[in-house]
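These are the residues of each chain, in order.
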Amino acid sequence: MRDTVARYADYREVAESWALGRFVLPIARLDEFAAAQAGVGAGGQGWRLSVLLGEDPAADGSRIRSFNAANAGSAFIDSAEMKVAGSPTAARKAIAAAVEQLPPSTRLFVELPLGSDLPGFMAAVVTEKAGAKVRTGGVTPEAFPDVRQLAQFLLCGAEHDAQFKATAGLHHPWRGRYALTYEPQAPTATMFGFLNVLIAAAVARKEGTEEDVVEVLATERASDVRFTDDEIRWRDWRIERQELLETHATFALSFGSCSFEDPVAELRRLALL
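Structural notes, computed from the coordinates.

Parameters and conventions
- Residues numbered from 1 in each chain as written.
- Predicted model: local features only at pLDDT ≥ 70, side-chain atom pairs only at ≥ 80, totals over all residues.
- Heavy atoms only, no water.
- Helix = DSSP H or I, 4+ residues; strand = E, 2+ residues; numbered from the N terminus.
- Pairing = 2+ DSSP bridges.
- Right-handed = clockwise from strand over helix to strand, strands pointing away.
- Patch = residues over 30% accessible without salt bridge, like charges linked within 9 Å, V, L, I, M, F, W, Y side chains within 5 Å.
- Areas by Shrake-Rupley, 256 points an atom, 1.4 Å probe, with all protein chains shown as cover.
- Salt bridge = Lys/Arg side-chain N within 4 Å of Asp/Glu carboxyl O.
- Buried < 20%, exposed > 50% of the residue type's maximum accessible area, 1.4 Å probe, protein only.
- Contact = heavy atoms within 4.5 Å.
- Axes fitted to C-alpha atoms, helices over the stretch in contact; angles between N-to-C directions.

Description of unusual backbone geometry
Right, on to step 1. The residue Gln185 is not glycine, and still its phi comes out positive at about 60 degrees.
Right, on to step 2. Relative to the elements of secondary structure, Gln185 occurs in the loop between β7 (176-179) and β8 (188-191).

So this is what it looks like as structure tokens:
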């Protein structure tokens, strides 16, 4: 925790800090976080946090309120995350219970299972005025969803006018085969690229077909996509700058990566930063 907090404080001072999102941590580690943040001095001010909820919505809501009151000025929890399984009906009840207990200032994001019941889960999220969350990878090949499953998530989210965040596995701009961890001789797998996901989200929002979205997600060559100051071009698709801004503001809100430095460094190598 100390190392992670120190790195986050440093990243808040770099030129690319505009790309830095919330500090994400389990709600059970808030005390540990507060102690670590106190050690970074003046850099530990005005942080926004997203917490991974536990099993007790009432206790979690109370913990968020007490933390925000005790840490005013230094850190503020305005986002929370939970995972659901089972049936869409059961998921809606669990989401509603969590929303009821959270402070009004805390937005809930719900990690959804991918599969045939996805429309029901997405409807439950939207009905309870929460956001969706999709897991796009992990540290084992099995943790990565099928390309078509991810495409269906994007299309379902666009159809339901949902907002979403993506998490895990998005270390690199473009889809390709990469090491799953930073360990020497780490196993490799084909990973999604965060640019693939964000461009695919824009295509889904423009009423692209499932095959269109699948092909964007599966693109591995950066040369297939052209960037200008005014638009992105992919095959016959042209996505204007304003459309990209609106997609980010109202649909594909953010993505998470274990590293802040790797995505930035790779975007620089591609001359996109």
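Observations regarding the pairing of strand β2 (residues 47-52)
Right, on to step 1. Judged from the 4 bridges that link them, strand β1 (residues 23-26) and β2 form a sheet pairing that is parallel. Looking at the pairing, Phe23 lines up with Leu49 of β2.
Right, on to step 2. Taken together, β1, helix α2 (residues 30-38) and β2 constitute a β-α-β crossover, and its handedness is right-handed.
Right, on to step 3. Relative to strand β3 (residues 75-83), β2 runs parallel, the two sharing 6 bridges. Its bridge partner lying in β3, Val51 is registered against Ala80.
Right, on to step 4. On the question of chirality, the crossover connecting β2 to the parallel β3 by way of helix α3 (residues 57-70) is right-handed.

Digging into a nonpolar patch on the surface
Right, on to step 1. Side chains of Phe227, Leu270 and Leu272 sit close together on the surface and give an oily, nonpolar patch of about 210 Å² of accessible area.
Right, on to step 2. Mapping Leu270 onto the fold places it in the segment after α10 (261-269).
Right, on to step 3. When its relative accessible area of 35% is taken as the criterion, Leu270 is described as partly exposed.

Comments concerning the side chain of Asn196
Right, on to step 1. Mapping Asn196 onto the fold places it in helix α7 (residues 194-205).
Right, on to step 2. Residue classification places Asn196 among the buried positions, given a relative accessible area of 0%.
Right, on to step 3. Apart from the residues lying within four places of it in its own chain, the contact partners of Asn196 are Pro173, Trp174, Arg175, Val216, Leu217 and Thr219.

Comments concerning the pattern of salt bridges
Right, on to step 1. The final tally for this structure, using the stated rule, is 19 salt bridges.
Right, on to step 2. As a salt-bridge pair, Arg29 and Glu32 come within 2.8 Å of each other at their nearest N and O atoms.
Right, on to step 3. Judged by relative accessible area, which is 34%, Arg29 ranks as partly exposed.
Right, on to step 4. Residue classification places Glu32 among the partly exposed residues on the basis of a relative accessible area of 37%.
Right, on to step 5. Linking Asp224 and Arg221 is a salt bridge whose minimum nitrogen-to-oxygen distance equals 2.9 Å.
Right, on to step 6. Judged by its relative accessible area of 27%, Asp224 falls in the partly exposed class.
Right, on to step 7. Arg221 sits in the exposed class, given a relative accessible area of 54%.

Observations regarding the sheet that holds strand β10 (residues 231-234)
Right, on to step 1. The sheet built from 3 strands is open, its strands ordered β9-β10-β11 with antiparallel pairing. Only two strands of the sheet have a single partner each, and these edge strands are β9 (225-227) and β11 (237-240). When the angles between neighbouring strand axes are averaged without regard to direction, this sheet yields 15 degrees.
Right, on to step 2. Strand direction decides the pairing type here: β10 and β11, joined by 4 bridges, are antiparallel. Each residue of the ladder has a partner; that of Glu231, found in β11, is Glu240.
Right, on to step 3. α7 contacts β9, β10 and β11 of the sheet and is inclined by roughly 95 degrees relative to β11.
Right, on to step 4. Taken strand by strand, helix α9 (residues 241-250) contacts β10 and β11, and its axis lies near 70 degrees from that of β11.

Remember, this is a structural readout, not a statement about activity or role.
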